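So the chains spell out like this:
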Amino acid sequence: MAELKITDAISAYSKTNQLSDKKYSNSESDFTSLVENAITGTIEKVKEAEVASQKSVTGEVSIQELAVSVANAETSLNTLVTIRDRIVTALQDIMRMPI
């Protein structure tokens, strides 16, 4: 049977930590980019609704187009608020977990 050395064990443990760190860092960046994209998309839709609102005052945009633009912005904002609420709830559940 091969003799195990402490340095081999340390080396193997170190490699395992490096692999798991890479795995989690990718997950974090994926989640971060998902949230960033949701926020950016919502901001863009709200800005589009504001522009449509300004143009409707001058008659450049019909009432129907304004209603669709505002409804899209409202839906995006509601979705973003729901995502935020679920994240907060999940974090609260994690904080309540016994160690």
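In this text the structure is predicted, and so the values were computed from the model without any measurement.

Rules used in this analysis
- Residues numbered from 1 in each chain as written.
- Predicted model: local features only at pLDDT ≥ 70, side-chain atom pairs only at ≥ 80, totals over all residues.
- Heavy atoms only, no water.
- Helix = DSSP H or I, 4+ residues; strand = E, 2+ residues; numbered from the N terminus.
- Buried < 20%, exposed > 50% of the residue type's maximum accessible area, 1.4 Å probe, protein only.
- Expected span 1.5 Å × (residues − 1).
- Salt bridge = Lys/Arg side-chain N within 4 Å of Asp/Glu carboxyl O.
- Patch = residues over 30% accessible without salt bridge, like charges linked within 9 Å, V, L, I, M, F, W, Y side chains within 5 Å.
- Areas by Shrake-Rupley, 256 points an atom, 1.4 Å probe, with all protein chains shown as cover.

**Some words on the overall build of the protein**
Consideration 1: Scanning the protein from N- to C-terminus turns up 2 helices and 0 strands.
Consideration 2: In the protein, buried positions account for 8% of the 99 residues.

**Quick look at helix 2 (residues 63-96)**
Consideration 1: The terminal C-alpha atoms of helix 2, which comprises 34 residues, lie 49 Å apart, in line with the 50 Å expected from a rise of 1.5 Å per residue.
Consideration 2: Within helix 2, the full set of buried residues consists of Leu66, Ser69, Ala73 and Ser76.

**Observations concerning the pattern of salt bridges**
Consideration 1: A full pass over the atoms with the stated rule returns 2 salt bridges.
Consideration 2: Salt-bridge contacts for Asp85 lead to Arg84; the nearest nitrogen and oxygen are separated by 2.7 Å.
Consideration 3: Linking Arg96 and Asp93 is a salt bridge whose minimum nitrogen-to-oxygen distance equals 3.1 Å. Of the two residues, Arg96 and Asp93 both sit in helix 2, 3 residues apart, roughly one turn of that helix.
Consideration 4: Its relative accessible area of 60% is what places Arg96 among the exposed residues.

**Some details on the environment of Arg84**
Consideration 1: Along the chain, the position of Arg84 falls in helix 2.
Consideration 2: Once the C-alpha coordinates of Arg84 and Val35 are considered, the two residues, 49 residues apart in sequence, prove to be 9.3 Å apart.

**Concerning a nonpolar patch on the surface**
Consideration 1: There is a patch of nonpolar side chains on the surface, built from Leu91, Ile94 and Met97 and spanning about 310 Å² of accessible area.
Consideration 2: Among the secondary structure elements, Leu91 is positioned in helix 2.
Consideration 3: Residue Leu91 is classed as partly exposed on the basis of its relative accessible area of 49%.

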